[in-house]
Protein chains: 2
Amino acid sequence: MKKYKGFEPKWVKEAAPRDSYRSIFRWGDPDFVKYPKESLYKMMKEKFKMTDDDFRQYAGDIGMDPVKLDAPCNLSGEHLKAFEEIVGKEHMTTEDYPRLAVAYGKTGYDAARLRQRKIDCLPDVVLYPGETKEVEEIVAYCTKHQIPLYVYGGGSSVTRGVEPVKGGVSLDMRPRFNKVISFSEEDQTITVQSGMSGPALEEALNEAPSRFGAKRAYTCGHFPQSFEYSSVGGWVVTRGAGQNSTYYGCITDIVLTQKYATPVGTVRTNRYSREATGPDLNQIMMGSEGAFGVLTEVTLKVFRYMPENRKRFSFIFKNWKVARAAAREMMQCEAGYASVFRLSDPEETNLMLRLYNVDETPLWKLLDVRGYQDMKRCLFLGFTDGEKGYSKNVARNIKRIAWKYGGMSLTSYVTKSWEKGRFNDPYLRDTLLDFGIMTDTLECTVRWSNMAKVHKEVRRVCHALPNTIVTTHMSHCYPQGANLYFIFITRMSDAEEFKKYHATILDAIQKSGASMSHHHGIGKMFAPWLEGQVGRTEYGVFRALKDYFDPDYNMNPGGTLGLDIDEKEKRFLKD
Amino acid sequence: MKKYKGFEPKWVKEAAPRDSYRSIFRWGDPDFVKYPKESLYKMMKEKFKMTDDDFRQYAGDIGMDPVKLDAPCNLSGEHLKAFEEIVGKEHMTTEDYPRLAVAYGKTGYDAARLRQRKIDCLPDVVLYPGETKEVEEIVAYCTKHQIPLYVYGGGSSVTRGVEPVKGGVSLDMRPRFNKVISFSEEDQTITVQSGMSGPALEEALNEAPSRFGAKRAYTCGHFPQSFEYSSVGGWVVTRGAGQNSTYYGCITDIVLTQKYATPVGTVRTNRYSREATGPDLNQIMMGSEGAFGVLTEVTLKVFRYMPENRKRFSFIFKNWKVARAAAREMMQCEAGYASVFRLSDPEETNLMLRLYNVDETPLWKLLDVRGYQDMKRCLFLGFTDGEKGYSKNVARNIKRIAWKYGGMSLTSYVTKSWEKGRFNDPYLRDTLLDFGIMTDTLECTVRWSNMAKVHKEVRRVCHALPNTIVTTHMSHCYPQGANLYFIFITRMSDAEEFKKYHATILDAIQKSGASMSHHHGIGKMFAPWLEGQVGRTEYGVFRALKDYFDPDYNMNPGGTLGLDIDEKEKRFLKD
């Protein structure tokens, strides 16, 4: 990172102390720091009407002190004894830090609450199960004794999915529930415990020859931005999507089989690529977000690891309309799909070209001269995967279509810059939040035919909010449409203020006619909107499933999917 | 068709009279007849220990006489009046013929029963709705008055899916519920009424430029063998698959949105390519087979119609093991997928090469000479679709891999022969059944790793049955496995005997560990096996859904998905 020429804010560059609040709310690797370069800092000051003085001290608590709550454990000794018998004394805790460490996810609301020391939820005990049988016994015990049960996988939920709002038990799956159960090269599948992290899974597959005696290396094909701190179980129960989903599919395409511990017993979903044996149990359990039981084991399809076939591309289009048309043609031409396929709108293009330092090169001006004007131009980038000929054919067609729509090829430089930042851009959030600048995201799915309307209407609402930068891209694309992903940046520190702000944008998304989530899921934060989104009769299906699996509502209770919230909390915006 | 040199059986070549029993049980176009050539006739005589004398007279009733049942309509005049108000007097009937015409599907059991005049089910009235509102009113009325409600789409069910076993109402969707509702070239979608037939849909899409002012022609990509007499609604509610599914996907991949009239009201499923908004309603309703309500409208993804890019291929492999390995490599190499991708086992290869007259060419002998021995060799054929470069790349990789596994390229002649027969091979069934030779099919899904075992065990059981030819192919393939499709031919006329025979093979499929249906569905015939297949706790989900949608069990009642059959009728074969 280049040194600042002028005033440089006191960016927090030291690692958060272990056991500190900061170590809980801050995203990612404690030893990695990301902060904006000088020109971006200047831009933000201008945008948010701030001065250097606003960056001389932190906007609030930065959480460097150790967690100390003195929160009592409200579970009886008898219950604790029972859990001890299941998982073993050394695999459970009622201490403050590990309880708080699994109580929050990673939305701006979570970060703001923790910075403000608003500790509004906490499990009574954290258990670290190691085997499926233990989880099954815990679920049975909690069901019998009406103890709320929560699961913490990777902790990257942005929907308040993991919050133990009713106390009780939280299963922290990270330390022990993270093993490979089996690998089949013949079927190209891997079966893992649900707490396995993304990087651990990918490493196991990349190393398949040495680990499993496989003939070649494999990849999981699933790389969400939260990859480093996400778990297979979290991907599955929330219906997640990776940044390479346009080729590899979303997790709902990648899962072959799931096993759950539910209050009514063990549930094993379909085991084959396709079946015509009634409703699809795989697709019923995915999206249950812990409300039907605990996901224990998952069999995933795996893909051949062939990075040598990858073809990078990036193009700039003159405006959003022509760029959308080009993207649609690429997705509908049946030439195969790119792996990363990402189109930014003008406001995001402006920000990205700065992030990738293009503003410091002659290209920035050249683009203007050639008619690709700042705040109109759109950046499109990505790369292909798959067998060599397939990959080449996809790249060739993308190029052909980009040219047809007046796109100008940039080098692979921009794509490579994006790749470098793909997992660590979220680190910027906490560095900025130290000075009261909040960054968060909302996303939805649209069809090509309502994409322009949704984009326009959501942005209109965002821009009507004070001091807001909102950037948009599509990054998971289909022949019939794509997601739209909104990143909003604003000056804000207060948790409740943020919650209202967030709700305003979510209202706008729902009003615009888009689907309210492409891959973030619902959790407890989006739950009030869900029934309005899917419809009353349709929502009744979710309740019927909940009543079947968990009639006493002990699984992830307190709002998940809106199943146990008050009717008047719900928001109905559709006609 | 070449003339027989020796004795030729009295194949029924005249069209079945309108209003005859034969016109109901016989498959397909009344004016099209298919019968075996002389060498096949000879082979069958030998296999089934029959002589020409067995072919001098029909083995039973061939159903040329008009339907006459004098079956009373058991619905009150009040109910009939109510239906008249909904659909109009001219769009309903209580006459014998149209009632029987919607009472049976197309399994061997259906044909045998009708030939034996075992009329064990009949609706009291047939309604011909024209609009969604009418269907919604009928469902509401039947729910209110506890009247059983059935739906007849294309009539090609092989699972007793359409049988109105409890009488009541049958909706015949063919004549009026068959319209295009909307077409979007931008989204590449078409919305149709559920009674639209396959050919009508395909024609509309092929003619998109003149019909909808589209820029190009489209295809539905879904061509089951029953294509000519199948309906979109039937495809969807049974989770069907077309012969081109390896490229285009099964119907569960092609559906974007569904609308149902259910006892609890109108249900509209998800409307986007992917969503993370709880369990997937599309995948809950597909597979409901009429038990949750009546499918009224479907939005399907459509594909570009580009037959000019099609590349045909066919290869012969030395044996089943090496052929399977080649097919697996083709499906796992990530070079894209062929559209038709079909591999026959040795017994089927023998039959197919005869069907396509290869036995009359020097090739038959040449193959033996070159080490591709009869009853060991396996025929693999298919073609590609998609954009030109994509299609070419798939074909190129198939060729490369076929060679690697010792495959010998045949010309496109065999593939073209298969294409000619792809929709009319089923016509053979009735011609043979006139002489007491029964043909039917069963199918399942396997993973690559259990394919050999399933194939072996099911064939072992089939061959232990008297006088049985059983041929097997895979025709819907995935990186993780494929379907196995068994065609069995035996000497049999009696319906009950057939039912037992069929059950024995289904038992064998379930015991072998395969999934009991890849795309035929469950209906009432396979229902006793379903709970054993999916598991008790898992099956409870289907019941919970049924209880939600249709608490009084009026929708396709009498066994569909096993929801209202006696516990002791169920077959549990798994541990």
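Residues numbered from 1 in each chain as written. Chains lettered and ligands numbered in written order. Predicted model: local features only at pLDDT ≥ 70, side-chain atom pairs only at ≥ 80, totals over all residues. Heavy atoms only, no water.

*Asks:* Is there a simple way to think about the relation of the copies chain A and chain B in this case?
*Replies:* Superposing chain A onto chain B takes a rotation of 180 degrees plus a shift of 0.0 Å along the axis, which leaves an RMSD of 0.0 Å. In short, the pair behaves as if placed about a two-fold rotation axis. Looking at chain A, 100% of its interface residues are interface residues in chain B too, so the copies touch through the same face. (Least-squares fit on C-alpha atoms with pLDDT ≥ 70 in both. Contact = heavy atoms within 4.5 Å.)

*Asks:* Would you explain the side chain of A:Asp110 in this entry?
*Replies:* All names here are of chain A. As for its position among the elements, aspartate 110 is in helix α5 (residues 108-115). A residue is classified by how much of its surface remains accessible, and aspartate 110, at 1% relative accessible area, is buried. Within the structure, the side chain of aspartate 110 is placed 3.0 Å from the backbone nitrogen of lysine 106, a separation counted as a polar contact. Discounting chain neighbours no more than four positions away, the residues touching aspartate 110 are Tyr104, Gly105, Ser157, Arg160 and Glu163. (Helix = DSSP H or I, 4+ residues; strand = E, 2+ residues; numbered from the N terminus. Buried < 20%, exposed > 50% of the residue type's maximum accessible area, 1.4 Å probe, protein only. Polar contact = N/O pair within 3.5 Å; in protein donor to acceptor, adjacent residues only side chain to side chain.)

*Asks:* What is the right way to look at the sheet that holds strand β2 (residues 125-127) of chain A in this model?
*Replies:* Whether parallel or antiparallel, the strands of a sheet pair through hydrogen bonds between backbone atoms. All names here are of chain A. The strand order across the open sheet built from four strands is β1-β2-β4-β3, with neighbouring strands paired in mixed fashion. Edge positions in the sheet fall to β1 (92-93) and β3 (149-152), since each of these pairs with one other strand and no more. Bridge count between β1 and β2: two bridges; the pairing is antiparallel. Considered in β2, the bridge of threonine 93 is made with valine 126. (Pairing = 2+ DSSP bridges.)

*Asks:* Please clarify how the packing of aromatic side chains should be interpreted in this entry.
*Replies:* Geometry of an aromatic ring pair is reported as the spacing of the ring centres plus the angle between the planes. All told, the structure shown has 53 aromatic pairs over all chains when counted by the stated rule. Judged by centre distance (5.5 Å) and plane angle (90 degrees), the ring pair of A:Trp11 and A:Phe435 falls under edge-to-face. Pair noted here: A:Trp11 is in the segment before α1 (21-25) and A:Phe435 is in the loop between α18 (427-433) and β16 (437-447), with a separation of 424 residues, a long-range link. Grouping residues by exposure puts A:Trp11 and A:Phe435 together as buried. Consider the rings of A:Phe317 and A:Phe380, whose centres lie 6.2 Å apart with planes at 50 degrees: the pair is tilted. With A:Phe317 in strand β12 (residues 312-317) and A:Phe380 in strand β14 (residues 378-383), this residue pair connects regions lying 63 residues apart in the sequence. A:Phe380 gets classed as buried once you look at its relative accessible area, which sits at 1%. Of the aromatic side chains, those joined through ring pairs into one cluster are A:Tyr247, A:Tyr248, A:Phe303, A:Tyr390, B:Tyr247, B:Tyr248, B:Phe303 and B:Tyr390. (Phe/Tyr/Trp six-rings, centres within 6.5 Å; stacked < 30°, edge-to-face > 60°.)

*Asks:* I keep staring at the interface of chain A and chain B and nothing clicks. Help me out?
*Replies:* Accessible area lost during the coming together of the parts is what is often quoted as the interface size. Tallying the contact residues gives 86 residues for chain A and 86 residues for chain B. For the pair chain A and chain B, the number of links is eight salt bridges. Across the salt bridge formed by A:Asp280 and B:Arg239, the nearest N and O atoms sit 3.5 Å from each other. Taken together, the connections running from chain A to chain B amount to 50 residue pairs in polar contact (both at pLDDT 80 or more). (Salt bridge = Lys/Arg side-chain N within 4 Å of Asp/Glu carboxyl O.)

*Asks:* Help me out: how do you make sense of a positive patch on the surface in this one?
*Replies:* A contiguous patch of positive charge on the surface is contributed by A:Lys311, A:Lys388, A:Lys392, A:Arg396, B:Lys311, B:Lys388, B:Lys392 and B:Arg396. Looking at the positive patch, the elements that each hand over two or more residues are α16 (388-404) of chain A together with α16 (388-404) of chain B. Inspection of the secondary structure puts A:Lys392 in helix α16. Its relative accessible area of 43% is what places A:Lys392 among the partly exposed residues. (Patch = residues over 30% accessible without salt bridge, like charges linked within 9 Å, V, L, I, M, F, W, Y side chains within 5 Å. Areas by Shrake-Rupley, 256 points an atom, 1.4 Å probe, with all protein chains shown as cover. Lys, Arg positive; Asp, Glu negative; His and termini not counted. Charge placed at Lys NZ, Arg CZ, Asp CG, Glu CD.)

*Asks:* Explain the nonpolar core here, please?
*Replies:* Grouped burial of nonpolar side chains is what soluble globular proteins tend to show. Counting 207 residues, the largest nonpolar core has A:Leu201, A:Met474, B:Leu201 and B:Met474 as the members making the most contacts within it. When near neighbours in sequence (up to four residues on either side) are disregarded, B:Met474 contacts B:Trp320, B:Arg324, B:Ala327, B:Phe341, B:Arg342, B:Leu343, B:Trp448, B:Met451, B:Ala482, B:Asn483 and B:Leu484. (Core = buried A, V, L, I, M, F, W, Y, C linked by side-chain atoms within 4.5 Å.)

*Asks:* What's the story with unusual backbone geometry in this structure? I'm lost.
*Replies:* Negative phi is the rule for most residues except glycine; trans is the rule for most peptide bonds. Positive phi is not limited to glycine here, since A:Lys49 has a value of about 50 degrees. Within the fold, A:Lys49 resides in the loop between α2 (38-47) and α3 (77-87).

*Asks:* What is the right way to read the confidence of the model for chain A from this model?
*Replies:* Averaged over all residues, the pLDDT of chain A is 96; the fraction at 70 or higher stands at 99%. Two summary scores accompany this predicted model of the complex, namely pTM at 0.97 and ipTM at 0.97. (pLDDT = per-residue confidence, 0-100.)

*Asks:* Which parts of the structure should I look at to understand the sheet that holds strand β10 (residues 294-301) of chain B?
*Replies:* All names here are of chain B. If you walk across this open sheet you meet the five strands as β5-β6-β10-β8-β9, and the pairing is antiparallel. Strands at the two margins of the open sheet, each flanked by one partner only, are β5 (180-184) and β9 (265-268). Mean inter-strand twist for the sheet, computed between neighbouring axes without regard to direction, equals 10 degrees. Where strand β6 (residues 189-193) meets β10, five bridges bridge the pair, whose relative direction is antiparallel. Looking at β10, one finds that glutamine 193 is bridged to glutamate 297. (Axes fitted to C-alpha atoms, helices over the stretch in contact; angles between N-to-C directions.)

*Asks:* I would appreciate a short explanation of helix α17 (residues 413-421) of chain B in the present structure.
*Replies:* Every α-helix carries 3.6 residues per turn, so stepping three or four residues along brings you back to the same face. Those residues of α17(B) lying buried are B:Val414, B:Thr415, B:Ser417, B:Trp418, B:Glu419 and B:Gly421. On its buried face, α17(B) is in contact with β12 (312-317), β13 (340-344), α14 (346-355) and β14 (378-383) of chain B.

*Asks:* Where do I start with the pattern of salt bridges in this structure?
*Replies:* Once their charged atoms are close, side chains differing in charge can pair, the charge on each being opposite to the other. Residues and elements named next belong to chain A. Enumeration over the complete set of coordinates arrives at 91 salt bridges over all chains. Where aspartate 385 meets arginine 310, a salt bridge forms, and the shortest distance between an N and an O atom there is 3.1 Å. Taken together, the residues aspartate 385 in the loop between β14 and α16 and arginine 310 in the loop between β11 (303-304) and β12 connect sequence positions 75 residues apart. By relative accessible area, aspartate 385 is classed as buried at 2%.

*Asks:* How should the environment of A:Ala241 be read in this particular structure?
*Replies:* All names here are of chain A. Mapped onto the elements, alanine 241 comes out in the loop between α9 (232-238) and α10 (245-248). For alanine 241, a relative accessible area of 5% translates into the label buried. Sequence separation between alanine 241 and isoleucine 251 is 10 residues; the distance between their C-alpha atoms is 5.7 Å. If sequence neighbours within four positions are ignored, alanine 241 has contacts with His222, Pro224, Cys250, His476, His518 and His519.

*Asks:* Looking at this structure, how should I read the environment of B:Tyr229?
*Replies:* Residues and elements named next belong to chain B. When you line up the elements, tyrosine 229 lands in the loop between β7 (218-219) and α9 (232-238). The spacing of tyrosine 229 and glycine 28 is 201 residues in sequence and 6.9 Å in space, taken between C-alpha atoms. With residues near it in sequence (within four places) discarded, tyrosine 229 still touches Trp27, Gly28, Asp29, Pro30, Gly154, Gly155, Ser156 and Tyr427.

*Asks:* Quick question: what am I supposed to make of the packing of helix α19 (residues 448-464) of chain A against helix α20 (residues 495-512) of chain A here?
*Replies:* Describing two packed helices takes the angle between their axes plus the distance from one axis to the other. All names here are of chain A. Packing of α19 against α20 leaves a shortest axis separation of 9 Å and a crossing angle of 155 degrees. Accordingly, the angle class assigned to the pair α19 and α20 is roughly antiparallel. Here α19 and α20 pass one another in a crossing that is right-handed. On α20, the residues touching Lys453, Val454, Glu457, Val458, Val461 and Cys462 of α19 are Thr504, Ile505, Ala508, Ile509 and Ser512. (Parallel < 35°, antiparallel > 145°, perpendicular 65-115°, else oblique. Left-handed = near helix turned anticlockwise from the far one by under 90°.)

*Asks:* Please explain the packing of helix α21 (residues 527-534) of chain A against helix α22 (residues 536-549) of chain A as it appears in this structure.
*Replies:* All names here are of chain A. Packing of α21 against α22 leaves a shortest axis separation of 6 Å and a crossing angle of 125 degrees. As judged from the angle between their axes, α21 and α22 are oblique. Within the contact between the two elements, α21 uses Leu530, Glu531 and Val534 and α22 uses Arg536, Glu538, Tyr539 and Phe542. Residues belonging to the contact of α21 with α22 are distributed by class as follows: four nonpolar, no polar and three charged. (Nonpolar A, V, L, I, M, F, W, Y, C, P; charged D, E, K, R; others polar.)

*Asks:* Looking at this structure, how should I read the pairing of β14(B)?
*Replies:* Within a regular strand, the side chains alternate between the two sheet faces. Residues and elements named next belong to chain B. Most of β14 is tucked away: six of the six residues are buried. A two-sided burial pattern is seen for β14, the buried positions comprising Cys378, Phe380 and Gly382 on one face and Leu379, Leu381 and Phe383 on the other. Here β12 pairs with β14 via six bridges, running antiparallel. Its bridge partner being in β14, phenylalanine 313 is matched across the sheet by glycine 382. Pairing of β13 with β14, which is carried by four bridges, proceeds in the antiparallel orientation. In the sheet register, valine 340 faces β14, and the bridge partner there is phenylalanine 383.

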